[in-house]
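Below, each chain spelled out in residue letters.
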Amino acid sequence: MLTKPPLLNLAHWLPRSRVNGPGERFVIWVQGCGLACKGCWNPDTWSFAPRHLVSAETLMGWISATPGIEGVTFSGGEPFAQAGALVHLARKIREAGLSLMIFTGHELHELRSDAAVELLSLADIAVTGRYVESERDLTLRWRGSRNQRVVCLTGRYTPSVLEAGTGETEIVLGSDGSLVFTGFPERALLAR
Amino acid sequence: MSAYIVIATPMTDRECLLAALRDVGLDAKNIEIHDTAVPLVGFEGTQREQVANLVIRRQFVGASSNDVGFLATPTGYRMIVSDYDRPRFGADWQAKLAERYKAHADRKLAALVEVTERQKIEEERARLVEAQRQAIQEKAKKLGYRVVETREGENLRLVLVRRTY
């Protein structure tokens, strides 16, 4: 008998972003991370308590309904803490011809479980390593600290993508005046 | 990880802000209302540099506390709270206040039957969005970013690219 894949526990999602990987991307911030890096952007994503529970099918429906995107990015939270559930979504993303980028606080050698290895095999780019506050450098593309690495895992992208830009910030200004900051914003930008 | 940081809907309506402050446990009779901003007072009784239009005096905040205030700005009320009082009026408290403010603001808008009144609120929102946009543009330029703007439905997307020259 086929078992249903587990639901994904999400913190946030943004249908379009230009600063979370190459090109225009659908970005998913998963809920739950046990690493608790000091100075983390998103401490609200640490708790593993259910926040937005969504099936891979539903999420893929949202992604498919977003025209003109180059790929999908998993951020968080820690994507590999729910690698089993994300594998189902990652397969669908690849079947749709979209690229996949994953932010993780782990180093590649720490990702040993079957689900983690499978999820990694479906990714085109992984940004790896803990966020280390003393190594903070917001001029780097797609990284918050100098110890983190951008690893191209398939031939779809080459390390030259890193040379095409620096650390960027994106702000979505809503019709009610609300603001969503994503990417790598410096503190002075967030201060009112 | 990349950041996802939400800055709640700006609080621009004094009546809704006062209602929200009551909801989070502040007694209305202890909130001073000033059309022109007045100086806040520190725990030792000395005037501080900061000014505010809504003021909760230190004796109603706590022992050894400083005044807490809300200053009216073109992009909404800005809360002024000292480091000493931040544990009580920190991110969680402010998030709750923002949530209650939004509930009151939405209710107020829904209750308006007069088309002209609704239009006035919508115009105020449009003015606020423009003020936010200009504030971001100015801050970004000062910090050395180039800003690329794209309109997407009702939202405006601003990508801040660091200048490398």
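Note that the coordinates shown come from a computational prediction; the quantities given were computed from them, not determined experimentally.

Section: the pattern of salt bridges
Where charged atoms from two side chains of opposite charge come close, those side chains can pair.
Residues and elements named next belong to chain B.
Phase 1 of the analysis: Under the counting rule described, the total for this entry stands at 27 salt bridges over all chains.
Phase 2 of the analysis: Salt-bridge contacts for Asp67 lead to Arg57; the nearest nitrogen and oxygen are separated by 2.5 Å. With Asp67 in the loop between strand S3 (47-56) and strand S4 (68-73) and Arg57 in the loop between S3 and S4, the pair connects residues that are 10 residues apart, well separated along the chain.
Phase 3 of the analysis: You can call Asp67 buried: its relative accessible area is 2%.
Phase 4 of the analysis: Among the residues examined, Arg57 registers a relative accessible area of 15% and is labelled buried.

Observations regarding the sheet that holds strand S5 (residues 76-80) of chain B
Residues and elements named next belong to chain B.
Phase 1 of the analysis: Spatially, S2-S3-S4-S5 is the arrangement adopted by the four strands of the open sheet, whose pairing is antiparallel. The two strands at the open ends of the sheet, each matched to only one other strand, are strand S2 (31-41) and S5. Going across the sheet, the axis of each strand differs from the next one's by a mean of 45 degrees, ignoring polarity.

Comments concerning the nonpolar core
Phase 1 of the analysis: Counting residues in each nonpolar core, the largest one holds 31 residues, and the members touching the most others are A:Ile28, A:Ile63, A:Phe74 and A:Leu89.
Phase 2 of the analysis: Breaking this core down by element, the ones donating at least two residues are strand S1 (8-17), strand S2 (25-30), helix H1 (56-64), strand S4 (71-75), helix H2 (83-95), strand S5 (99-103) and helix H3 (114-121) of chain A.
Phase 3 of the analysis: Sorting elements by how many residues they give to this core places H2(A) first, with seven residues.
Phase 4 of the analysis: Setting aside residues no more than four positions away along its own chain, A:Ile28 makes contact with A:Leu10, A:His12, A:Trp13, A:Leu59, A:Ile63, A:Val72, A:Thr73, A:Phe74, A:Ser75 and A:Leu89.
Phase 5 of the analysis: Counting residues in hydrophobic clusters, the runner-up holds 27 residues, among them A:Ile171, B:Ile136, B:Ala140 and B:Tyr145.

Focus on unusual backbone geometry
Residues and elements named next belong to chain A.
Phase 1 of the analysis: Geometrically, the link from Gly76 to Gly77 is a cis peptide bond, its omega value of 15 degrees lying close to zero.
Phase 2 of the analysis: Along the polypeptide, Gly77 turns up in the loop between S4 and H2.
Phase 3 of the analysis: Even without a glycine there, the phi angle at Ala36 is positive, about 50 degrees.
Phase 4 of the analysis: Within the secondary structure layout, Ala36 lies in the loop between S2 and strand S3 (52-54).
Phase 5 of the analysis: Ala36 sits in the partly exposed class, given a relative accessible area of 41%.
Phase 6 of the analysis: Unusually for a residue other than glycine, Trp142 sits at a positive phi of about 65 degrees.
Phase 7 of the analysis: Inspection of the secondary structure assignment puts Trp142 in the loop between strand S6 (125-128) and strand S7 (149-152).
Phase 8 of the analysis: Trp142 sits in the buried class, given a relative accessible area of 3%.

Observations concerning the interface of chain A and chain B
Phase 1 of the analysis: The interface of chain A with chain B comprises 49 residues on the first partner and 39 residues on the second.
Phase 2 of the analysis: Carbon and sulfur atoms make up 56% of the surface buried where chain A meets chain B, a total of about 3,700 Å² over both sides.
Phase 3 of the analysis: For the pair chain A and chain B, the number of links is three salt bridges.
Phase 4 of the analysis: One salt bridge in this structure joins A:Glu170 and B:Arg157, with 3.1 Å as the shortest N-O distance.
Phase 5 of the analysis: Across the contact surface, chain A and chain B share 20 residue pairs in polar contact (both at pLDDT 80 or more).
Phase 6 of the analysis: For the side of chain A that touches chain B, the elements supplying multiple residues, two or more each, are S1, strand S8 (168-173), strand S9 (179-183) and helix H4 (187-190) of chain A.
Phase 7 of the analysis: Of the residues forming the side of chain A that touches chain B, the biggest block, six residues, is contributed by S8(A).

Conventions we followed
- Residues numbered from 1 in each chain as written.
- Chains lettered and ligands numbered in written order.
- Predicted model: local features only at pLDDT ≥ 70, side-chain atom pairs only at ≥ 80, totals over all residues.
- Heavy atoms only, no water.
- Salt bridge = Lys/Arg side-chain N within 4 Å of Asp/Glu carboxyl O.
- Helix = DSSP H or I, 4+ residues; strand = E, 2+ residues; numbered from the N terminus.
- Buried < 20%, exposed > 50% of the residue type's maximum accessible area, 1.4 Å probe, protein only.
- Pairing = 2+ DSSP bridges.
- Axes fitted to C-alpha atoms, helices over the stretch in contact; angles between N-to-C directions.
- Core = buried A, V, L, I, M, F, W, Y, C linked by side-chain atoms within 4.5 Å.
- Contact = heavy atoms within 4.5 Å.
- Buried area = accessible area lost by both parts, 1.4 Å probe.
- Polar contact = N/O pair within 3.5 Å; in protein donor to acceptor, adjacent residues only side chain to side chain.

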